[in-house]
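One letter stands for each residue in the lines below.
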Amino acid sequence: MTTTSTSAMGGIVRRKEDPALIAGKGRYVDDIKLNGEAAAVFVRSPFAHAKINSIDTSAATAMDGVLAVYTAEDTRHLGDLLAQVAVGSLRPLLADGAVHHAGEAVAMVVAENAYIAKDAADAVMVDYDPLPAVVDMKDAVKDEIKAHEDAESNVLLTWYSHDWWPGVFELEDHRPAIAAAKERDDVVVVSQEMTNQRLIPVAIEPRAVLADYNSGYGRVNVWSSSQIPHALAGAIAKTFGMTSHDVHVVAPEVGGGFGAKLNVYPDEMLVVFASKELSRPVRWTETRREAAYSTIQGRGWVGTATITGTKDGEILGYELDAIADMGAYSQNFTVAIPVLGLYVAQGQYNVPLAWQITCVHTNTQTTDAYRGAGRPEAIYYVERIIDMYAAAIGMDPADVRKKNFFKKDEFPATTAIGLTMDSGNYEYNLDTLLEDVDYDGLRKMQKDARDEGRYIGIGLSTYVEVCGFAPSVLAEFGFGWDAYGLPTSFSGSGLVRVNPDGSATVIIGTGPSGQGHQTTWAQVVSERLGIPVDAIRVTHGDTFESPTGVGTFGSRSAAVDGAATYEAAEKVRMKAAELVAHMLEASAEDIQFADGGAHVAGSPGHTVTWAEIAEVAYKPHKGPEGLEAGLEAHAVFSPGNATWPFGSHLAVVEVDPGTGDVKILRYVAVDDCGNRINPMIVDGQIHGGIAQGVGQALFEEAIYDENGNLLTGSLVDYPLPTAGDLPAFELGWTNTPTDVNPMGVKGIGEAGTIGSAQTIVNAVVDAVRPLGVTHIDMPLRPRKVWDAIQKARG
Amino acid sequence: MQVSMTVNGSEVSGDVEPRTLLVHFIRENLRLTGTHVGCETSYCGACTIHVDGTPVKSCTMLAVQANGANITTVEGLADGDNLHPVQEGFWERHGLQCGFCTPGMIMSASALLAENDNPSEDEIRHGIEGNLCRCTGYHNIVRSIEYAAAKMRGEEPAPPDWTQDFEGATA
Amino acid sequence: MYPRSFEYVAPSSLDEALAALNDHPGAKVMTGGMSLIPLMKLRLFSPPLVVDIGRVPGLDSIADGNGHIAIGALVRHAATASSDAVASGAAALAQAARLTGDVQVRNRGTTCGALAHADVAADQPAAALALGATMVARSAGGEREIAADDFFVDALTSALEPNEILVEVRVPKAGAGTGSAYDKLGRRGGRSDYAVAGAAAMVTMDGGSVSAARVALTGVGTKPTLATATADALVGTDGSADAIKAAAQHAAEGVTVLEDLYGSVEYKTHLAQVYAARALEAAIAAAG
């Protein structure tokens, strides 16, 4: 059955965002120009680890057009960069006495334009004493070289699944039971060390920030390419001793985020500082090569996954023993990212779990949230090792998965780390996928191809993700903005106002970067109020507009801010019903809203328009006695639980054993994110997520040499998937709504990425398994596939 | 150095350093900010414009090289209020998310269809290899270009292929 | 993103351009700028003077002459790729041009520019080498011809003197019984992007046997390199699949194979053999 609705939830609505964007009239930070603005450029370290003996800025300062050159001497008083989870070494705004990763900012030049600023930056002379660098995370654990010369250890902490939040969760330690299971003689133990390589996010819009401090108003206006404008405003206020209501942060059009812009950055503080010092607007726009040093990176785990299970497919224990690379400094969530992995550590499987992951500093760029943030890594390990287990016992990988799933009637289900998963129907979802692709037919095709000497592989993966971190108490774990002086759990904010002309304004606390919030939120409000989508204007990413805000990340926006908006709209609807009841001389319970107005149930001819309702709302003498004038409501929604979407992905690939070249023949995904507000937008999120997972599986890797130099910092050496590298995606859908929020929506922003990398790897390994290959570490560039084949052949 | 060129039908001129990149001249001097900068190695294609009718990357061209050229940027693609079919296709088939790569992508696609209004999916995919998108996975970009191609041929575009509700989606 | 300052001239004649080069040591010639400008933006290379020959008339044509095809300094990759003359007379070069960069790059970059830039992983240098092209270099002092065999000196280094401009590349036209082809493995797999490794081949068949062959490799060493051992091994055979396979085993002999991000020495050596074979097979098929 097709959806025919065009305005309400569940309908296909062309995006309200698009007319400006397709005409080149969207305004990103770098498109905004202020009178008298100056440009900042950073001097960056060529060494990964070095002592700074001296910085000579005299030649740069003397150049025509240079306004100022700042070093740590000038900015030290502002303190380190604030981090939400402040475990480990924090980043100074400018390197102070030493540098700890290549590309670390050592000085900032401000000049009339970026060309001059760059010339001057080249003229800043820094005298370094190089120190030994620790680059590989396995070396970091040994502590022979310290990433921070004065630190006692590179190791920050180890997260254990049975003890991840002592005092809050009392959990069973599954390790003894798993150890006992290994002694049984009817079990197999399958173990593999695997790397989940470090990635560079590469939002196509580089980060940019423009600050304009006005001492007259005592206010700073900041435009930043950020996913978290409210957190940024809080951080600026705290850093500069201001109140956050004097810090106006706007995230205008944001050209992709993927977690890279889910951070508070030193450059954002430094342009505010420079604007204050110089009494001029100051801009910094990242260059692409620089982004590898100035923006966080993601992933970067190495670990050994082990499944202990019976020979007929019953898993008795799943273990992961891993190290996660934090890079040189802890920023926003850095050391908490592995915890997000822990959330979904066991995937869809109701199995005993023993996870431990050690967080270490190295002399490399900081890691933090990159699309999926811990969850793609976690799912990668469990979904790879379950495939290896299936191969080891000669069982079909789909059957092994099904045998160990949490069953439909087990929901709400409690995970091994004590969290409750809201809803799930895993077997039905996987069966839908297998049916859609004719799985048995595919396996037959594969067999026929092998008989012809072709190496076709079929890869499967299921996944669970977790969206909209909740409940509120998690703010005490670190999932809030307290460090930025913004006390909040990760609640949602929605303000709905019916304007005097009958149109509506919706103001939300999100910071989207392409997710189409203006459209979907208009649909949510339209569905509640009957105001057409075209007459609803949605504003986001503005700290002076939205009373509070958390931002856009963790696939949280629809499930949390969406729910807040739904509730605010509901409040408006209740009040409007009273107004209409007065106008139509009926009872408020009988008022229905549709088609741009309201009517009394049963008499659709007897209607008032929203303009008419608004007029009564704003002219209280026309309304019912005692009813407050105006027609708006604000709601904060704090969900009682996170939501837990899931899905199943399948890829068909062909490998050329002569070169190791991989070609994706088909990619099929059946995701379940509960109810969908706009299926077109949901599909788009899945497509993009898959492409990023495929990018990790096949191409992308931040490679550092042994001295900590990044070898893949430009797009020449850090290949992203292009249209020619990818197939058309075939999507299916199942729907298992949540009861965590009133709309039954779960979230879809990261699902595609979480489901896809191991789907590709499983397919490639499946293709070359007849040649003896059991595992290949990502990215599966041709050389690695070929090397693995050679190694297997001996 | 003095440069002059025709941009979106208007004669423009300016005084630039030899090192001024064409994309900076367009964005900073002309304040046409639809042409974006996404990389510095001629890979991402966000800066794609038409120079004398062919798509090129304006970040890898000096403004002085464009002296006397006839340039079209994304702002000049529509015919007044009438969207170019490619722009319409991107809107109808959700060919964009964050929109940052979109102007360059649209400029490449419009040039592709000007040469061949009935490209295969493979030709479309390889034809836009010089434009990187991190949001869409290209699926809906390809569908958007197919939509535009059909329109340009005077045909009805194929229906969209988004997932629809179906009987049994909720088990 | 922001190049260092430089002087710029856009001469309207070749003589002017040559004089500018002669008078300014360190000056750099620019045609499309697709290789030069990114290096300047990253400040990896900062010439004091750029001599833009993009406005010099008469350098932008492909001439289908007697015995050879002459491709002028300003002929874009796109023009080389779509030229009927190149496709029929020097197929390997047309194929290599088609696989160079992306659409926008092919619209600005030039075949001669790619040859002069001598990138180790570029496509057209290997094709020019296999085809036995001749480079026509001109300076204020006159003109000289450089055989492709002598042209590629090292990574990013050609035999051109700093005051010379590569005004034309002349590619011998394939006669009856001669075919050529180019193929590669790209960095993102398939034929995408720069070459991990690739090969161009030209083969002449005479009465059912190979009478002449040239094979050139790209991506495997510091420069495009002739695989002479493979060519020698193939000449005199029947050009069958077995003969190709046997000859291709020698592809990397005498070649200094270098590891990079995209392949080990062992892998690149193997790819040299694979692509030498693939290029030879296609060339022989084209030879008819």
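Residues numbered from 1 in each chain as written. Chains lettered and ligands numbered in written order. Predicted model: local features only at pLDDT ≥ 70, side-chain atom pairs only at ≥ 80, totals over all residues. Heavy atoms only, no water.

1. A closer look at the interface of chain B and chain A
Between chain B and chain A, the contact holds 59 residues from the first and 72 residues from the second. Interface area, chain B with chain A, both sides summed: about 5,600 Å², of which 54% is carbon and sulfur. When residues of chain B are sorted by the area they lose upon contact with chain A, B:Trp91, B:Arg134 and B:Thr163 head the list and together hold 17% of the total. Counting across the chain B and chain A interface gives 33 residue pairs in polar contact (both at pLDDT 80 or more). For the side of chain B that touches chain A, the secondary-structure elements that each account for two or more residues are helix H1 (22-29), helix H2 (85-92), helix H3 (102-115), helix H4 (121-127) and helix H5 (139-152) of chain B. If one sorts the elements of the side of chain B that touches chain A by residue count, H2(B) sits on top with four residues. Here the side of chain B that touches chain A is built from residues that sort into 23 nonpolar, 21 polar and 15 charged. (Contact = heavy atoms within 4.5 Å. Buried area = accessible area lost by both parts, 1.4 Å probe. Polar contact = N/O pair within 3.5 Å; in protein donor to acceptor, adjacent residues only side chain to side chain. Helix = DSSP H or I, 4+ residues; strand = E, 2+ residues; numbered from the N terminus. Nonpolar A, V, L, I, M, F, W, Y, C, P; charged D, E, K, R; others polar.)

2. Points about the environment of B:His139
Among the structural elements, B:His139 can be located in helix H5. Given a relative accessible area of 2%, B:His139 falls into the buried group. Remark: the alpha-carbon pair of B:His139 and B:Arg93, spanning 46 residues in sequence, is separated by 9.8 Å. Once residues within four sequence positions are removed from consideration, B:His139 is found in contact with A:His687, A:Ala728, A:Phe729, B:Arg125 and B:Asp161. At 3.0 Å, the side chain of B:His139 and the side chain of B:Asp161 are in polar contact. (Buried < 20%, exposed > 50% of the residue type's maximum accessible area, 1.4 Å probe, protein only.)

3. Some details on unusual backbone geometry
Residue and element names in this part refer to chain A. Cis geometry is adopted by the peptide bond preceding Pro-471, which originates at Ala-470 and carries an omega value of 0 degrees. For Pro-471, the location among the structural elements is in the loop between strand S18 (455-464) and strand S19 (480-481). Look at the link from Met-778 to Pro-779: it is a cis peptide, with omega at -10 degrees. By secondary structure assignment, the location of Pro-779 is in the loop between helix H19 (751-768) and helix H20 (782-793). With phi around 60 degrees, Arg-299 is a residue other than glycine that occupies positive phi space. Relative to the elements of secondary structure, Arg-299 occurs in the loop between helix H9 (288-294) and strand S13 (301-310).

4. A closer look at the sheet that holds strand S3 (residues 48-51) of chain B
Residue and element names in this part refer to chain B. An order of S2-S1-S5-S3-S4 is seen for the five strands of this open sheet, with the pairing classed as mixed. In this open sheet, the two strands that pair with only one neighbour each are strand S2 (10-15) and strand S4 (54-57). Between one strand and the next, the sheet's axes are offset by a mean angle of 40 degrees, whatever the strand orientation. As paired strands, strand S1 (residues 2-7) and strand S5 (residues 70-72) are joined by two bridges and run parallel to one another. Within S5, the residue paired with Val-7 across the bridge is Ile-71. In this fold H1 packs onto S1, S2, S3 and S5, with an angle of close to 105 degrees to the strand it touches most, S2. (Pairing = 2+ DSSP bridges. Axes fitted to C-alpha atoms, helices over the stretch in contact; angles between N-to-C directions.)

5. Topic: the interface of chain C and chain B
Facing 28 residues of chain C, the contacting portion of chain B comprises 31 residues. Summing the contributions of chain C and of chain B, the shared interface buries around 2,400 Å²; its carbon and sulfur component is 58%. Applying the counting rule to chain C against chain B returns two salt bridges. Residue C:Arg188 is joined to B:Glu129 by a salt bridge in which the shortest nitrogen-to-oxygen separation is 4.0 Å. Across the contact surface, chain C and chain B share 15 residue pairs in polar contact (both at pLDDT 80 or more). (Salt bridge = Lys/Arg side-chain N within 4 Å of Asp/Glu carboxyl O.)

6. Some points on the pattern of salt bridges
Enumeration according to the criterion identifies 73 salt bridges over all chains in this entry. The shortest N-O distance in the salt bridge between A:Arg175 and A:Asp173 comes to 3.0 Å. Its relative accessible area of 36% is what places A:Arg175 among the partly exposed residues. The closest approach of N and O atoms between C:Lys184 and C:Asp123, which form a salt bridge, is 3.1 Å. One end of the pair, C:Lys184, is in strand S11 (residues 178-186); the other, C:Asp123, is in the loop between helix H7 (111-117) and helix H8 (124-130), with 61 residues separating them in the sequence. Like C:Asp123, C:Lys184 is buried. Counted as one network, the salt bridges with shared partners bring together A:Asp30, A:Asp31, A:Lys33, A:Glu37, A:Arg283, B:Arg27, B:Glu28 and B:Arg31.

7. What to know about the packing of aromatic side chains
Residue and element names in this part refer to chain A. Under the counting rule described, the total for this entry stands at 36 aromatic pairs over all chains. With 5.1 Å between their ring centres and 65 degrees between their planes, Trp-481 and Phe-490 make a pair best called edge-to-face. Both rings, one in Phe-490 and one in Phe-553, keep their centres 5.2 Å apart while their planes meet at 75 degrees; by these two values the pair is edge-to-face. Of this pair, Phe-490 sits in the loop between strand S20 (486-489) and strand S21 (492-498) while Phe-553 sits in the loop between strand S23 (536-539) and helix H16 (557-584), and the two are 63 residues apart along the sequence. On the basis of relative accessibility, which here comes to 5%, the residue Phe-553 falls in the buried class. Note that Arg-556 overlies the ring of Phe-553, its terminal NZ or CZ placed 5.7 Å from the centroid. Against the face of Trp-733 rests Arg-676, its NZ or CZ located 3.5 Å from the ring centre. (Phe/Tyr/Trp six-rings, centres within 6.5 Å; stacked < 30°, edge-to-face > 60°. Lys NZ or Arg CZ within 6 Å of the ring centre and 35° of its normal.)

8. Notes on the confidence of the model for chain C
With 100% of its residues at a pLDDT of at least 70, chain C reaches an overall mean of 97. For this predicted complex, the interface confidence score (ipTM) comes to 0.98, while the overall pTM stands at 0.97. (pLDDT = per-residue confidence, 0-100.)

9. Some remarks on the sheet that holds strand S7 (residues 142-147) of chain C
Residues and elements named next belong to chain C. Strands sit in the order S4-S5-S10-S6-S7 across an open sheet of five strands; the sheet is antiparallel. Looking along the sheet, the strands with just one partner apiece sit at the ends: strand S4 (62-64) and S7. Taking the axes of each pair of neighbouring strands and ignoring which way they run, one obtains an average angle of 20 degrees across the sheet. Two elements, strand S5 (residues 68-72) and strand S10 (residues 165-172), share five bridges in a ladder whose sense is antiparallel. Bridged to Ile-69 within S10 is Val-171. The strands touched by helix H1 (residues 14-23) within the sheet are strand S6 (134-139) and S10, with S10 carrying the most contacts at an inclination of about 120 degrees.

10. As for the domain arrangement of chain C
All names here are of chain C. In terms of domain boundaries, chain C breaks down into domain 1 (7-51), domain 2 (62-172) and domain 3 (179-287). The distance between the C-alpha centroids of domain 1 and domain 2 comes to 19 Å. Taken residue by residue, the interface counts twelve residues in domain 1 and 17 residues in domain 2. When domain 1 packs against domain 2, the two sides together hide about 1,200 Å² of surface, and 72% of this comes from carbon and sulfur. Of all residues in domain 1, Leu-18, Thr-31 and Met-34 bury the most surface against domain 2, accounting for 43% of the area lost on that side. On the surface where domain 1 and domain 2 come into contact, there are zero salt bridges. Where domain 1 touches domain 2, the interface holds two residue pairs in polar contact (both at pLDDT 80 or more). Looking at the side of domain 1 that touches domain 2 residue by residue, the classes come out as eight nonpolar, four polar and no charged. (Domains from an automatic or database assignment.)

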